[in-house]
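Each chain, written out:
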Amino acid sequence: MQDLVIVGGGPGGYVAAIKAGQMGMKVACVEGRGRLGGTCLNVGCIPSKVAERARSHLHRLGSLSGRLRRCCSMLPPTAVCEARGRSLQRA
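Keep in mind the model is a prediction, meaning the values are calculated, not measured. (Residues numbered from 1 in each chain as written. Predicted model: local features only at pLDDT ≥ 70, side-chain atom pairs only at ≥ 80, totals over all residues. Heavy atoms only, no water.)

Engineer: Hey, could you go over the overall build of the protein for me, with residue numbers and the actual values?
Structural biologist: Scanning the protein from N- to C-terminus turns up five helices and two strands. Traced from its N-terminal end to its C-terminal end, the protein shows the element sequence β-α-β-α-α-α-α. Looking at the protein as a whole, 14% of its 91 residues qualify as buried. Nonlocal contacts in the protein, meaning residues at least 24 apart in sequence, comprise 35% of its contacts between residues at least 6 apart. Looking at the protein as shown, the accessible area adds up to about 6,800 Å², and 61% of this sits on carbon and sulfur atoms. (Helix = DSSP H or I, 4+ residues; strand = E, 2+ residues; numbered from the N terminus. Buried < 20%, exposed > 50% of the residue type's maximum accessible area, 1.4 Å probe, protein only. Contact = heavy atoms within 4.5 Å. Areas by Shrake-Rupley, 256 points an atom, 1.4 Å probe, with all protein chains shown as cover.)

Printed below as a string of structure tokens:
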């Protein structure tokens, strides 16, 4: 039997679960995504995640990666922000 059940494993949820556990409560934290951290951590509010994902894909492309890196290095910062927006819309 749990003393407390927290719905949502975002920044507020997991901090509340930790604090309640430190206070001696038996706690369950329920998260629909399967991972704690919430939208910002797991979906990508942080623009650098988009850039990191792009670099990862470029690395996997092998021989084409050199030409693609040159093209991507010429992208204006707004293009990265627009890609981030599209990623968030799909989530």
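Engineer: I'd like to hear about helix α1 (residues 11–22), residue by residue, with values.
Structural biologist: Compared with the 16 Å implied by 1.5 Å per residue over 12 residues, the 17 Å span of α1 between its first and last C-alpha is a close match. Inspection of α1 places Gly13, Ala17 and Ala20 among the buried residues, and these make up the whole buried set. End-on, the buried residues of α1 take up no more than an arc of 70°, which puts them together on one face. The exposed residues of α1 that point more than 90 degrees off its buried face are Pro11, Gly12 and Gln22. Check the buried side of α1 and you find it contacts β1 (4–7) and β2 (27–30). Remark: Gly24 follows α1 within two positions and exhibits a positive phi of approximately 95°. (Expected span 1.5 Å × (residues − 1). Arc of directions from axis to C-beta.)

Engineer: Please provide a residue-by-residue account of the pairing of β2, values included.
Structural biologist: Inspection of the sheet shows β1 paired to β2 by four bridges, in the parallel sense. When the bridges of β2 are listed, Val7 appears paired with Val30. Taken together, β1, α1 and β2 form a β-α-β motif whose crossover is right-handed. (Pairing = 2+ DSSP bridges. Right-handed = clockwise from strand over helix to strand, strands pointing away.)

Engineer: Can you break down a nonpolar patch on the surface residue by residue, with the values?
Structural biologist: A surface patch of nonpolar side chains, about 350 Å² in accessible area, is lined by Tyr14, Val15, Ile18 and Leu36. Positionally, Ile18 belongs in helix α1. You can call Ile18 partly exposed: its relative accessible area is 48%. (Patch = residues over 30% accessible without salt bridge, like charges linked within 9 Å, V, L, I, M, F, W, Y side chains within 5 Å. Salt bridge = Lys/Arg side-chain N within 4 Å of Asp/Glu carboxyl O.)

That's the geometry; what it means functionally is another story.
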